[in-house]
Amino acid sequence: MSYRLRVNPITCQAHGMCHELLPERIDLDEWGYPMFDSRPLEPDLVEHARRAAQACPTFALLVEREKKLSRA
Amino acid sequence: MMLPLASGSVTWYLTRSTGAVALLLLSASVVLGVADVRRLSSERWPRFVIDALHRNVALLSVCFLVAHIITAVLDSFTSISLLDAVVPFIGSYRPFWLGLGAVAFDMLIAVTITSLLRQRIGYTGWRAVHWLSYGSWPIALVHGLGTGSDTKGTWMLTLDLLCLLAVLAALASRLPPVFSEHPERGRLTLGGTGAFLVFLAVWVPSGPLASNWAKRAGTPTANLHHEPSHATR
Amino acid sequence: MNPATTLETEQPHLADGGGGDSLPRLLASSALDRALTLDEHLAIHGELAPARRRGRETGLIGEIDRAGLRGRGGAGFPTARKLRAVAASRRKPVIVVNATEGEPASQKDATLATTVPHLVLDGAALAARALGADQVLVAVCESAPASIDALAGAIAERGGDRHGPRLELRAIPAGYLTGQESALISHLEGGPGLPRFTPPMPFERGVGGRPTLISNAETYAHIALICRHGADWFRRLGTPAEPGSALVTVGGVLADPGVYEIEWGTPLRALVRAAGGLTAPPRAALLGGYGGSWIGTEHLGELVLSDEALAAHGASLGAGVLFLLDGAACPVAETARVVRWMAEQSAGQCGPCRHGLPALAGEFEWLTRGAGAPDAVRRIAELAAVVRGRGACGHPDGVSGFALSALETFPEEFHDHAAHGGCEGCAAPGRLPLASAR
């Protein structure tokens, strides 16, 4: 079971709490918007990622479970 | 020294104290809420701390509010019912001023429930209801001044004043960005705040601080001569 | 030498029904200055086989799959896969014909609409039949009155088909992002017409929450021909990996710029010849539109027009756009103008796009004026990297790729401008067409 970060860039308003709570994976660009790559989350970071997603005032940050289905 | 049991019940004192603490916590919540939306932060106060603190202080103030209501209902001195806590102006004890408390409480119930169910309601819906929290504060303050047995006391007045100043400071921080995007709303808020302050300046000295307020406020006759007044030590 | 800033519709070939092995196919027998009537269309192409039974007819999807048709809106997504994705849902779907053509340098959809509208509508009706849809929405831009009239006329001609789907023409406000799938769906629902966060994808939840097939007008035209002549016929042109024909809008230093139909794998030289030849030596070609890439003149002689061949140059035909820039034009200034226009076309919903694109445009503009901008090239590369992949739609990615390909294709020009500022060409009128901003 692996998890990935995703952000809804439309609802994101650059509050920046995600970066404070998950600095290992989330950086902020020069305008305060989150930047991260699409690598799966390390298992010990998943709880922190969830906390960061819950802290987001606009629910822009998402922690998504990897689908195990093979692509068509 | 006056024993509490001699001039009133434990629940009556608890209702007053929890009410005062609830006002203090609500004021703190408003200040933190404004700091949150204005994105104020520092090295030692990161954004997530301000945000979490705002949420927790708000929840705590609701807990004190619930205690305030329960103790008022349980108290045998007055005939305040549970219904009076949510349906305003139907009670027999200082109906108008108590009713204001019910109005504020109703608003805070809406804010609390929508906040707890934020994920399901979605951001825009939650935000729309959250504006009620600004409205609930002045109503809660006037409720306290009007119903409070402690209003005349120095410490209570000082607390009221400090809370008022804190919320005004928060408002001063909140308004400038509102003016740049919605000048109408900004003007309305400024006007409303000014009117509220004028109201306080006129009413407080001539109302709760003046003589015979208990009767004028609608305290039932049966309670009048037993009303635990603020006795000086 | 007159720089071409407007594109004229092509002078089509007059031939018979396009069922043979050669071009033209889509543009076969299209009249010079008006749309083919329904009778003329049926005389050339024949009637569609009537619906064999009620309900969905998925045989069409298999035929499209064998034909290997890819979408012609720019992304090149395999059409059969899209059809299957919509078919997978049990809810009744909606068919949307995207004829909005937001790309300023593209005229192919306008050409189809104004000359062979019935081919497009046939394809849409066939797709509706295959997917069990009873509603087809044909989306055109308000700024294309000729297309609106031609399509409205064609829809009216078809009016009485009791067994066919309901055809509705919808005029949409103009804009580069109008044709973006989720933005178009929002327009069709009466919403703000801004791109949406996906998932859910349009084929899952689109117009009115229903699964929606949204494809380019040209794609539907190809479907109409494949249904009549078969997948094998379709594959007789093109390459095994990229079968069939496609429309390309060519502009710039050509004698006869306009819309041409090519088979995939055509050498650029052949297309240039068909378009009347060069009027001046080109400095570079822009492929795929304003979210596409530049290719320098040194590669143009041997260039083959297939996405496979173009991929080696980091390019693709996209929605069939090819523009040849003349040597007297300033590629830095051209890129700057387009980037600024693309920044203004942003929906403004996502921070990186809303902030990054104007910043990019600003850096390009520094290069075209004043006394030099030593840091601009580094900043352009930095900004282009930062905006990539961070919007709800592909707009910032397109601009990013376009900007970076300019840096790669014109290194000396950029170096000169960074050192010395604007050149003579910077003040000249722009070559690349820009529709007026929203």
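Below is a summary of the structure that appears in this document. These figures come from a predicted structure and were not determined experimentally.

### What about the interface of chain A and chain C?
Okay, so step 1: Listed per partner, the contact involves eight residues of chain A and ten residues of chain C.
Okay, so step 2: Considering only residue class, the side of chain A that touches chain C consists of six nonpolar, one polar and one charged.

### Comments concerning the arrangement of the chains
Okay, so step 1: By number of contacts, the leading pair among the two pairs of chains in contact is chains A and C.
Okay, so step 2: For chain B and chain C, which are not in contact, the least C-alpha distance works out to 15 Å.

### Some details on the sheet that holds strand 8 (residues 282-287) of chain C
Residues and elements named next belong to chain C.
Okay, so step 1: Strands sit in the order 6-5-11-8-9 across an open sheet of five strands; the sheet is mixed. Single-partner strands in this sheet number two, and they are strand 6 (258-263) and strand 9 (293-296). Direction aside, the axes of adjacent strands within the sheet are offset by 30° on average.
Okay, so step 2: As paired elements, strand 5 (residues 245-252) and strand 11 (residues 321-326) share four bridges and run parallel to each other. Paired with Gly252 across the two strands is Leu324, which belongs to strand 11.

### Examining the packing of helix 13 (residues 351-368) of chain C against helix 14 (residues 376-387) of chain C
Between two packed helices, the angle of one axis relative to the other and the distance separating the axes together describe the packing.
Residue and element names in this part refer to chain C.
Okay, so step 1: In the contact formed by helix 13 and helix 14, the axes pass within 9 Å of each other and the chain directions differ by 160°. The pairing of helix 13 with helix 14 is recorded here as roughly antiparallel in orientation. Along this stretch, helix 13 crosses helix 14, giving a crossing that reads as left-handed. Across the interface between the two elements, Pro352, Cys353, Gly356, Leu357, Ala359, Leu360, Glu363, Phe364, Trp366 and Leu367 of helix 13 pack against Ala376, Arg379, Ile380, Leu383, Ala384, Val386 and Val387 of helix 14.

### A word on the interface of chain A and chain B
Okay, so step 1: Of the residues lining the interface, ten residues belong to chain A; the matching set on chain B comes to seven residues.
Okay, so step 2: With three residues, the single largest contributor to the side of chain A that touches chain B is helix 1 (residues 17-21) of chain A.
Okay, so step 3: Split by residue class, the side of chain A that touches chain B holds five nonpolar, four polar and one charged.

Procedures and definitions
- Residues numbered from 1 in each chain as written.
- Chains lettered and ligands numbered in written order.
- Predicted model: local features only at pLDDT ≥ 70, side-chain atom pairs only at ≥ 80, totals over all residues.
- Contact = placed C-beta atoms within 7 Å.
- Nonpolar A, V, L, I, M, F, W, Y, C, P; charged D, E, K, R; others polar.
- Pairing = 2+ DSSP bridges.
- Helix = DSSP H or I, 4+ residues; strand = E, 2+ residues; numbered from the N terminus.
- Axes fitted to C-alpha atoms, helices over the stretch in contact; angles between N-to-C directions.
- Parallel < 35°, antiparallel > 145°, perpendicular 65-115°, else oblique.
- Left-handed = near helix turned anticlockwise from the far one by under 90°.

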